[in-house]
Amino acid sequence: MTDASTNMRLKLPITCFILEIIIIILFGVLVQYDEGTDAKLWHDRNHSSHSDYDNDFYYRYPSFQDVHVMIFIGFGFLMTFLQRYGFSSVGFNFLIAAFALQWATLMQGFFHGMHGGKIHIGVESMINADFCTGSVLISFGAVLGKTSPVQLLLMAIFEVTLFAVNEFIVLSVLGAKDAGGSMTIHTFGAYFGLIVARVLYRPNLDKSKHRNSSVYHSDLFAMIGTLYLWMFWPSFNSAITAHGDDQHRTAMNTYYSLAACTLSSYAMSALTAHDGKLDMVHIQNAALAGGVAAGTAGEMMLTPFGSMIVGFVAGIISVLGFKYLSPVLESKLKIQDTCGVHNLHGMPGILGAIVGAIVAALATADVYGEGLTDVFPDVASGEISASDQGVRQIISLAVTLGIALLGGLIVGFILKLPIFGAPPDTICFEDSIYWEVRRSGSFILKAVISESCN
Amino acid sequence: MTDASTNMRLKLPITCFILEIIIIILFGVLVQYDEGTDAKLWHDRNHSSHSDYDNDFYYRYPSFQDVHVMIFIGFGFLMTFLQRYGFSSVGFNFLIAAFALQWATLMQGFFHGMHGGKIHIGVESMINADFCTGSVLISFGAVLGKTSPVQLLLMAIFEVTLFAVNEFIVLSVLGAKDAGGSMTIHTFGAYFGLIVARVLYRPNLDKSKHRNSSVYHSDLFAMIGTLYLWMFWPSFNSAITAHGDDQHRTAMNTYYSLAACTLSSYAMSALTAHDGKLDMVHIQNAALAGGVAAGTAGEMMLTPFGSMIVGFVAGIISVLGFKYLSPVLESKLKIQDTCGVHNLHGMPGILGAIVGAIVAALATADVYGEGLTDVFPDVASGEISASDQGVRQIISLAVTLGIALLGGLIVGFILKLPIFGAPPDTICFEDSIYWEVRRSGSFILKAVISESCN
Amino acid sequence: MTDASTNMRLKLPITCFILEIIIIILFGVLVQYDEGTDAKLWHDRNHSSHSDYDNDFYYRYPSFQDVHVMIFIGFGFLMTFLQRYGFSSVGFNFLIAAFALQWATLMQGFFHGMHGGKIHIGVESMINADFCTGSVLISFGAVLGKTSPVQLLLMAIFEVTLFAVNEFIVLSVLGAKDAGGSMTIHTFGAYFGLIVARVLYRPNLDKSKHRNSSVYHSDLFAMIGTLYLWMFWPSFNSAITAHGDDQHRTAMNTYYSLAACTLSSYAMSALTAHDGKLDMVHIQNAALAGGVAAGTAGEMMLTPFGSMIVGFVAGIISVLGFKYLSPVLESKLKIQDTCGVHNLHGMPGILGAIVGAIVAALATADVYGEGLTDVFPDVASGEISASDQGVRQIISLAVTLGIALLGGLIVGFILKLPIFGAPPDTICFEDSIYWEVRRSGSFILKAVISESCN
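A short tour of the structure in this document, coming up. Please read these numbers as outputs of a predicted model, since none were measured by experiment. Throughout, a residue's number is its position along its own chain's written sequence, starting from 1. Note on labels: chains are lettered from A, ligands numbered from 1, in written order. Residue-level local features of this predicted model are given only where pLDDT is at least 70; pairs of side-chain atoms are given and counted only at 80 or more, and the full residue set underlies all totals for whole chains, interfaces and linings. For side-chain calculations, the full set of non-hydrogen atoms in the structure is used, while hydrogens and water are omitted.

**A look at the overall build of chain A**
Secondary structure counts use DSSP, requiring at least four H or I residues in a row for a helix and at least two E residues in a row for a strand, with both numbered from the N terminus. Summing up its helical and strand segments, chain A has 18 helices and three strands in all. Note that the radius of gyration is over C-alpha atoms, with the globule rule given as 2.2 Å times the number of residues to the power 0.38. A globule of 454 residues ought to have a C-alpha radius of gyration of about 22 Å, and chain A, at 22 Å, matches this closely. With the C-alpha coordinates of chain A rotated into their principal frame, the extents come out at 75 × 55 × 40 Å. Sorting the 454 residues of chain A into buried and exposed places 70% on the buried side. Only heavy atoms matter for contacts: two residues are in contact if any of them lie within 4.5 Å across the pair. Of the contacts made within chain A by residues no fewer than 6 positions apart, 83% connect residues no fewer than 24 positions apart. Using the Shrake-Rupley algorithm and a 1.4 Å probe, accessible areas are obtained, with residue cover drawn only from the displayed protein chains. Working note: accessible area of chain A is about 12,700 Å², and carbon and sulfur atoms make up 65% of it. Charge assignment: positive for Lys and Arg, negative for Asp and Glu; neither His nor the chain ends contribute. To locate a charge, take NZ of a lysine, CZ of an arginine, CG of an aspartate or CD of a glutamate. A gap of 15 Å separates the mean positions of the 24 positive and 35 negative side-chain charges of chain A. Residue exposure (1.4 Å probe, protein chains only): buried if accessible area is under 20% of the type maximum, exposed if over 50%, otherwise partly exposed.

**Regarding the relation of the copies chain C and chain B**
Copies overlap after least-squares fitting; the atoms used are the C-alpha atoms of residues with pLDDT of at least 70 in both. Note on the copies: chain C fits chain B at an RMSD of 0.0 Å, the axial shift is 0.0 Å, and the rotation between them is 120°. Considering both components of the superposition, the chain copies are consistent with a three-fold axis. Relative to the rotation axis, the C-alpha of Pro 62 of chain C is the closest in chain C, positioned 3.8 Å from it. The two copies present different faces, since only 16% of the interface residues in chain C are matched by interface residues at the equivalent positions in chain B.

**Some points on the pattern of salt bridges**
By definition, a salt bridge exists where a carboxyl oxygen of Asp or Glu is found within 4 Å of a side-chain nitrogen of Lys or Arg. Summed over all chains, the structure comprises 28 salt bridges over all chains. In this structure, the salt-bridge partner of Glu 124 of chain B is Arg 60 of chain B, at a minimum N-O distance of 3.8 Å. Placement of the pair is Glu 124 of chain B in helix H5 (residues 123–143) and Arg 60 of chain B in helix H3 (residues 56–78), with a sequence separation of 64 residues. Measuring nitrogen to oxygen at the nearest pair gives 3.8 Å for the salt bridge that ties Lys 40 of chain C to Asp 366 of chain B. Residue Lys 40 of chain C is found in helix H2 (residues 39–46), and its partner Asp 366 of chain B is found in helix H14 (residues 365–368); the two belong to separate chains. The exposure class assigned to Lys 40 of chain C is partly exposed, which follows from its relative accessible area of 28%. Taking relative accessible area as the criterion, Asp 366 of chain B reaches 59% and is therefore assigned exposed. When salt bridges that share partners are traced, they join Asp 56, Arg 60 and Glu 124 of chain A into one network.

**Here's the deal with the interface of chain C and chain B**
It is common to give the size of an interface as the accessible area lost on bringing the parts into contact. The partner chain B presents 82 residues to the 87 residues of chain C that form the contact. Each of two parts loses accessible area, computed with a 1.4 Å probe, when they are put together; buried area is these two losses added. For the pair chain C and chain B, the summed buried area comes to about 7,400 Å², and 71% of that belongs to carbon and sulfur atoms. For chain C, the biggest contributors to the area lost against chain B are Tyr 33, Tyr 53 and Phe 94 of chain C; these three give 10% of the whole. Counting every contact that joins chain C to chain B gives one salt bridge. Distance and chemistry together define a polar contact, namely a pair of N or O atoms within 3.5 Å, with one atom able to donate a hydrogen and the other to accept it when in protein, and with adjacent residues in sequence counting only for side-chain atoms on both sides. For the pair chain C and chain B, the interface holds 33 residue pairs in polar contact (both at pLDDT 80 or more). Listed by contribution, the elements that provide at least two residues to the side of chain C that touches chain B are helix H1 (11–30), strand E1 (31–33), H2, helix H3 (56–78), helix H4 (86–112), helix H5 (123–143), helix H8 (216–238) and helix H18 (443–453) of chain C. With twelve residues, the single largest contributor to the side of chain C that touches chain B is H4 of chain C. Partitioning the side of chain C that touches chain B into residue classes produces 51 nonpolar, 24 polar and twelve charged. In the scheme used here, Gly and all other residues not listed as nonpolar or charged are polar, with Ala, Val, Leu, Ile, Met, Phe, Trp, Tyr, Cys and Pro taken as nonpolar and Asp, Glu, Lys and Arg as charged.

**Regarding the interface of chain B and chain A**
Counting from both sides, the interface comprises 84 residues of chain B and, opposite them, 82 residues of chain A. Of the roughly 7,400 Å² buried between chain B and chain A, counting both surfaces, carbon and sulfur atoms make up 71%. Taken together, the connections running from chain B to chain A amount to 34 residue pairs in polar contact (both at pLDDT 80 or more). Those elements that provide at least two residues to the side of chain B that touches chain A are helix H1 (11–30), strand E1 (31–33), helix H2 (39–46), H3, helix H4 (86–112), H5, helix H8 (216–238) and helix H18 (443–453) of chain B. With twelve residues, the single largest contributor to the side of chain B that touches chain A is H4 of chain B. When the residues that make up the side of chain B that touches chain A are grouped by side-chain class, the tally is 48 nonpolar, 24 polar and twelve charged.

**A few points about the relation of the copies chain B and chain A**
With an RMSD of 0.0 Å, the fit of chain B onto chain A corresponds to turning through 120° and sliding 0.0 Å along the axis. A share of only 18% of the interface residues of chain B reappears at the interface of chain A, consistent with the copies meeting through non-equivalent patches.

**So, the packing of aromatic side chains**
To describe a pair of aromatic rings, one takes the distance between the centres and the angle between the planes. Residue and element names in this part refer to chain C. Stacked, edge-to-face and tilted are the three classes for Phe, Tyr and Trp ring pairs, Trp counted by its six-membered ring, which pair at centre distances within 6.5 Å; planes under 30 degrees apart are stacked, over 60 edge-to-face, the rest tilted. Enumeration according to the criterion identifies 93 aromatic pairs over all chains in this entry. Relative to Tyr 61, the ring of Phe 57 has its centre 4.5 Å away and its plane inclined at 20°; by these criteria the two rings are stacked. One end of the pair, Phe 57, and the other, Tyr 61, are both in helix H3, four residues apart, so they sit about a helical turn from each other. An identical accessibility class is assigned to Phe 57 and Tyr 61; each is buried.

**A few points about the nonpolar core**
Counting residues in hydrophobic clusters, the biggest one holds 475 residues, and the most contacted among them are Tyr 228 of chain A, Tyr 228 of chain B together with Tyr 228 of chain C. When residues no more than four places from it in sequence are discounted, the contact partners of Tyr 228 of chain B are Tyr 228 of chain A, Val 69, Met 70 and Ile 73 of chain B together with Val 69, Ile 73 and Tyr 228 of chain C. To qualify as a nonpolar core, a set must consist of buried Ala, Val, Leu, Ile, Met, Phe, Trp, Tyr and Cys residues joined through side-chain atoms within 4.5 Å.

**With respect to the side chain of Arg 249 of chain A**
On the secondary structure map, Arg 249 of chain A appears in helix H9 (residues 245–271). Only 3.1 Å separates the side chain of Arg 249 of chain A from the backbone oxygen of Thr 37 of chain B, close enough to count as a polar contact. Those residues in contact with Arg 249 of chain A, other than ones at most four positions away along the chain, are Gly 298, Glu 299, Met 300, Met 301 and Val 375 of chain A together with Tyr 33, Thr 37, Asp 38 and Ala 39 of chain B.

**Some points on the state of the cysteines**
Pairs of cysteine sulfur atoms within 2.5 Å are what we label disulfides. Per the stated rule, a full pass over the model turns up zero disulfides over all chains. Just so you know, Cys 16 of chain B is unpaired, no disulfide at all, and the nearest cysteine sulfur is the one on Cys 261 of chain A, 12 Å from it.

**Focus on unusual backbone geometry**
Positive phi values are uncommon outside glycine, yet Lys 334 of chain C reaches one of about 60°. Mapped onto the secondary structure, Lys 334 of chain C falls in the loop between helix H12 (303–331) and helix H13 (341–361).

**Some points on the packing of H13 of chain C against helix H17 (residues 386–416) of chain C**
Residues and elements named next belong to chain C. Where H13 meets H17, the axes come as close as 6 Å, and the angle between the chain directions of the two elements is 165°. Compared by their axis directions, H13 and H17 come out roughly antiparallel. Remark: the crossing between H13 and H17 carries right-handed chirality. The residues of H17 that touch H13, namely those facing Ile 350, Ala 353, Ile 354, Gly 356, Ala 357, Ala 360 and Ala 361, are Ala 386, Ser 387, Gln 389, Gly 390, Gln 393, Ile 394, Leu 397 and Leu 401. Here the contact of H13 with H17 is built from residues that sort into ten nonpolar, five polar and no charged. Axes here mean lines fitted to C-alpha atoms, for a helix over just the part in contact, with angles spanning 0 to 180 degrees between N-to-C directions. When describing relative orientation, an angle under 35 degrees is termed roughly parallel and one over 145 degrees roughly antiparallel, while 65 to 115 degrees is termed roughly perpendicular and anything else oblique. For any pair of crossing helices, the crossing counts as left-handed if the nearer helix is rotated counterclockwise from the farther one by less than a right angle, and right-handed if it is rotated clockwise.

**Focus: the side chain of Thr 226 of chain A**
Along the chain, Thr 226 of chain A falls in helix H8 (residues 216–238). Residue classification places Thr 226 of chain A among the buried positions, given a relative accessible area of 0%. Apart from residues no more than four positions distant in its own chain, Thr 226 of chain A is found in contact with Leu 78, Ile 283, Gln 284 and Leu 288 of chain A together with Phe 94 of chain B.

**As for helix H7 (residues 182–199) of chain C**
All names here are of chain C. Over its 18 residues, H7 extends 24 Å from the first C-alpha to the last, a length consistent with the 26 Å expected when each residue adds 1.5 Å. Throughout, bend refers to the angle between the axes fitted to the seven residues that end at a position and the seven residues that start at it. Taking the largest bend as the criterion, H7 deviates by roughly 25°, centred on Phe 188. Within H7, 17 of the 18 residues are buried, which leaves the element mostly enclosed by the surrounding structure. What a helix should span is 1.5 Å times the count of its residues minus one.

**Side note on the pairing of strand E3 (residues 118–121) of chain C**
Looking along a regular strand, one sees the side chains alternate between the two faces of the sheet. Residue and element names in this part refer to chain C. Side chains Ile 119 and Ile 121 project from E3 onto a buried face, and the interleaved Lys 118 and His 120 project onto a face without burial. Bridge analysis of strand E2 (residues 114–115) against E3 gives two bridges, and the strand direction is antiparallel. Bridged to His 115 within E3 is Lys 118. Here the rule is simple: two strands pair whenever DSSP picks up at least two bridges between them. Hairpin connection from E2 to E3: two residues lie between these consecutive antiparallel strands, with Gly 116 at a positive phi of about 60°.

**Considering the sheet that holds strand E3 (residues 118–121) of chain A**
All names here are of chain A. One open sheet holds the three strands; their spatial order is E1-E3-E2, and the pairing between them is mixed. The open sheet has two edge strands, strand E1 (31–33) and strand E2 (114–115), and neither has a second partner. Sheet strands in contact with helix H1 (residues 11–30) are E1 and E3, and its direction is about 60° off that of E1. Against the sheet, helix H4 (residues 86–112) contacts E1, E2 and E3, and its axis sits at roughly 115° relative to E3.

Structure (structure tokens):
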């Protein structure tokens with residue numbers, strides 16, 4: 001299966017080396033430790049009454065590590081459900097995440113981290129970079145199995161940049177709140193990826209159809225990804241909220257949203273199968289929709305009651321999407337969404353944005369007390385009303401969708417250039433295009449022999 | 001393998017929806033954020049000299065996340081050792097855990113979390129809910145492979161409720177200490193599950209015998225579960241102890257107990273095999289007994305020396321149980337204990353309870369200093385003597401066993417009603433009863449066919 | 001495959017029991033809780049203005065748990081890449097780690113933890129014990145597949161002891177800095193293991209060659225190990241640095257070093273393959289070299305820029321080592337390095353030591369401010385100059401190499417005694433020598449055969 005057009009011997013090293021060298025130079029010129037990370041700055045500041053515990057590291061590093069696990073294990077293994085694409089799923093996920101988090105540090109720094117001409121970094125910028133990376137990995141899910149690593153790196157360059165632009169507009173210009181990224185991460189990543197998948201539509205993809213499915217053990221590997229995403233989603237949504245009650249509340253809201261979502265996902269999975277059998281695709285994905293849907297309102301006074309309703313609805317929508325909407329998207333809109341990111345990130349992301357707008361519009365000083373300053377600073381200062389905040393949220397959703405769709409369209413056409421080593425239609429969803437896959441001595445391998453004999 | 005009696009198309013959705021809707025309503029009526037989670041309450045309180053770091057979130061959330069991993073990855077993957085039951089092991093574990101943690105929040109709230117008619121929740125209640133869930137998952141281990149998801153949800157409803165009752169009696173009424181739950185979690189869960197398994201005894205289970213065993217890769221998946229349980233058990237036992245030295249000491253005692261237990265488990269596994277070969281069943285399970293056995297005394301001044309002795313003995317007992325006692329339980333007492341929970345949770349739980357009673361009875365103000373107030377408040381206040389505390393501990397063990405056995409008996413008979421879709425004796429330990437298992441396209445399988453053809 | 005010489009029925013239990021009993025006795029005589037763990041000491045101290053948060057537990061326990069995961073899951077699963085050696089990889093890793101962490105507590109305590117004749121232990125000693133264990137596991141990687149568990153336990157006894165001696169000389173006598181252990185952990189463990197592998201050279205190992213490779217799923221299991229090592233390496237390097245900016249900075253430097261390393265590893269993997277296909281061996285290992293190489297300088301003011309350069313170079317060196325140096329080591333120097341620890345730990349460790357020396361020599365009060373006291377106390381006090389510190393670092397590297405090589409030589413010859421049950425050349429890399437491997441009922445596979453027959 002070696003082929004000049006998909007041979008990565010020069011394309012991949014050149015891309016990686018150029019990107020990494022550019023990044024290193026830009027870091028050398030632009031990036032500095034922030035106050036909590038720099039030896040001198042921290043000790044200067046610490047001369048006053050501060051203790052080491054005030055270092056943001058202790059507030060945020062445990063959350064960061066959970067987010068990090070979601071990015072590399074969670075997303076990586078979730079996509080190993082494909083029977084012959086495990087190396088690529090976890091391996092390309094690894095590569096583009098390692099690139100994207102560096103690039104995101106720079107792009108996010110440009111837009112909202114500059115201090116005197118320098119980008120200041122610390123644990124919060126590390127979390128934000130991982131968040132941005134998550135968005136790229138969502139888009140990866142839509143094009144999984146049909147793209148070369150060089151295409152994926154290119155996609156990451158553009159998507160990270162547009163993510164930072166959108167994030168800046170939504171959070172800094174429009175003043176919306178989106179701690180867990182229902183809009184900025186999930187909606188953005190999903191619709192960006194879906195449009196890229198649309199542009200890269202392959203009419204003859206059914207020639208690789210037999211590989212575009214799971215086997216027993218690949219579904220178990222995928223459950224590792226699912227469960228880490230599920231368990232650590234409370235950390236994800238709360239990772240960059242304000243200290244104290246905000247982090248605490250966001251984690252708890254997400255936890256209950258996910259729990260309720262799991263029950264509705266199982267229920268819907270059995271209900272929509274004619275023989276009542278559960279479908280691993282639903283369990284692996286829909287049960288996570290509650291985390292996505294709590295991404296905006298999670299830090300608000302959503303209450304556990306409200307969180308559960310949101311999660312419950314998200315699970316139902318997500319299973320229905322997998323069952324009835326995805327086939328339509330493919331046949332009518334020509335969107336081949338490998339992982340079903342529309343069902344896990346797209347629709348639940350929009351749901352989360354809408355819920356966030358409603359909960360924001362209902363905020364009162366009576367409910368939030370002094371805590372209103374943390375959650376809605378402009379409402380607390382009297383600059384705008386709570387319903388204005390709700391409007392900001394909705395506008396932000398529209399902006400996010402617009403940038404994602406337009407950006408995905410342009411990037412899709414760039415990726416379509418026939419020089420990046422995309423696999424042919426007949427050999428999609430297949431590791432051996434880009435990976436050395438050992439065959440001798442293994443029984444899996446004999447399978448392939450028998451396949452080629454028959 | 002589709003069969004009307006095991007068809008879950010209506011049974012499972014109805015059960016899930018009804019349960020979740022009841023839970024949501026009860027949460028709406030009864031549940032409120034606690035002081036550390038509510039925006040207003042936290043900021044009101046914080047007006048005084050408190051800092052955000054005093055929020056219990058920062059003391060307990062890292063422990064919570066470790067416990068959460070134990071519940072979903074640890075228990076879930078530990079049970080994937082069965083060759084054809086991986087989806088159910090990890091998938092039903094996921095479902096009943098997501099349900100049980102919500103239900104446990106309510107039940108535990110009723111018994112010891114009411115404040116002015118409302119249940120106050122925060123990170124501590126989340127940990128407690130996960131603990132209660134752990135107990136249900138232990139019972140699940142006893143009936144693994146022989147029950148439908150509807151039966152499991154029913155079992156969870158009753159078991160969570162009885163767990164909360166027993167916990168209330170043991171901790172609040174009797175004033176016993178049991179931070180890591182040797183009694184309330186492990187002993188309770190194990191004997192409850194064993195009695196349920198007894199009531200559900202299947203005389204013809206040997207018809208499914210060929211599936212009731214592991215294969216190479218399923219044993220590796222199970223080791224993921226084992227290791228996460230092993231690594232995070234120190235966090236489990238210390239998750240709800242008092243802040244400061246108590247959490248620190250409990251984690252350390254558990255760590256040493258587990259390390260010693262691992263060596264004795266390996267030793268006993270080789271010693272009890274005629275050819276000296278290690279048995280994965282022992283390594284996966286017995287090496288964890290040290291965590292169970294340190295569940296009560298872990299927070300006390302057990303010393304690393306004492307912890308190691310406890311773990312060492314627990315490992316020996318556990319392997320002997322797997323090797324010699326489990327076959328007797330099955331043949332004589334008709335208890336078909338799929339995962340051997342009696343050896344991992346039952347006997348080590350009782351051992352832990354007894355050790356806890358002894359160490360409590362030996363407590364002196366000389367050893368604990370001012371710290372006695374945290375560990376044994378009633379002894380510190382002079383209300384009772386240390387040996388009284390020891391007696392409390394033993395009575396608590398008896399109460400726990402009593403409630404578990406009686407509760408399991410009743411619940412077992414409820415589950416036996418032939419309307420919940422239990423699998424027939426011939427198709428136990430088989431995923432395809434309840435799950436869509438993809439066969440076509442599976443190249444692993446074709447390999448073997450070709451091998452057997454050649 | 002049962003054979004008297006490799007039968008572990010008596011050898012392994014006797015070894016385990018004797019070792020554990022010796023450890024328990026020594027713990028009983030010598031080990032005490034430290035100030036943060038002991039009920040009385042903590043509360044006495046706490047009478048003054050301290051809060052529970054000052055307990056080192058809260059500064060270090062999250063890091064400890066990450067390190068713990070690296071030791072048991074990271075190292076354990078990284079080595080499961082071998083197709084028929086998964087039980088042993090993860091199981092022997094578990095056994096020798098559980099032993100080594102206990103023994104290390106004692107050995108490290110003897111050399112730098114004695115207080116009034118007693119070894120004081122707490123979360124920091126737990127981390128240090130895990131670090132020492134990591135070194136043993138690196139050596140395990142060099143001899144993987146060719147040693148019995150009894151040999152491995154013996155190796156651990158000696159290696160832990162020598163590790164503690166070397167650590168004492170490097171850190172306490174020579175006053176070098178090595179927070180993440182580029183020298184004390186990685187260089188030491190790698191060269192110790194390589195010399196042991198040299199002494200245990202097997203001229204006829206090619207008889208087991210067909211087992212000394214991976215299969216599809218074993219490579220996926222190994223990626224679990226890789227990713228956990230990669231994700232948690234920032235916690236590893238920062239686990240015992242000073243509180244505050246030091247932990248924060250070290251974690252961040254390591255994070256960027258790893259990210260850059262990942263890109264150069266992928267690039268080099270494709271570049272060095274004639275068909276441009278990525279090799280799982282490189283991805284699993286070389287992408288981690290950036291963590292090793294940042295082990296010494298990570299806590300210094302290396303800057304993200306410097307960290308990335310270090311990681312970038314480490315990845316290149318590591319892939320080149322796998323591709324071109326390892327075959328030479330085997331054919332010319334007769335070093336059969338199963339996991340390629342020379343490429344992952346050896347060369348990157350030396351690189352890290354050199355980088356550390358350079359960065360130390362360049363330290364100025366201007367850059368570090370008051371923080372100089374934390375990182376280079378002797379330079380801050382004016383006792384030595386920064387370049388003196390650099391010299392100390394280089395001497396420490398030489399000492400480490402010397403002790404590792406000499407120690408490995410002696411220990412290798414001890415392990416060579418033909419009484420410890422090493423496997424014959426024909427059955428290396430094979431679980432069934434030491435483990436009960438279930439064959440009957442094997443797999444899904446026979447089911448399919450029977451299905452296709454029916």
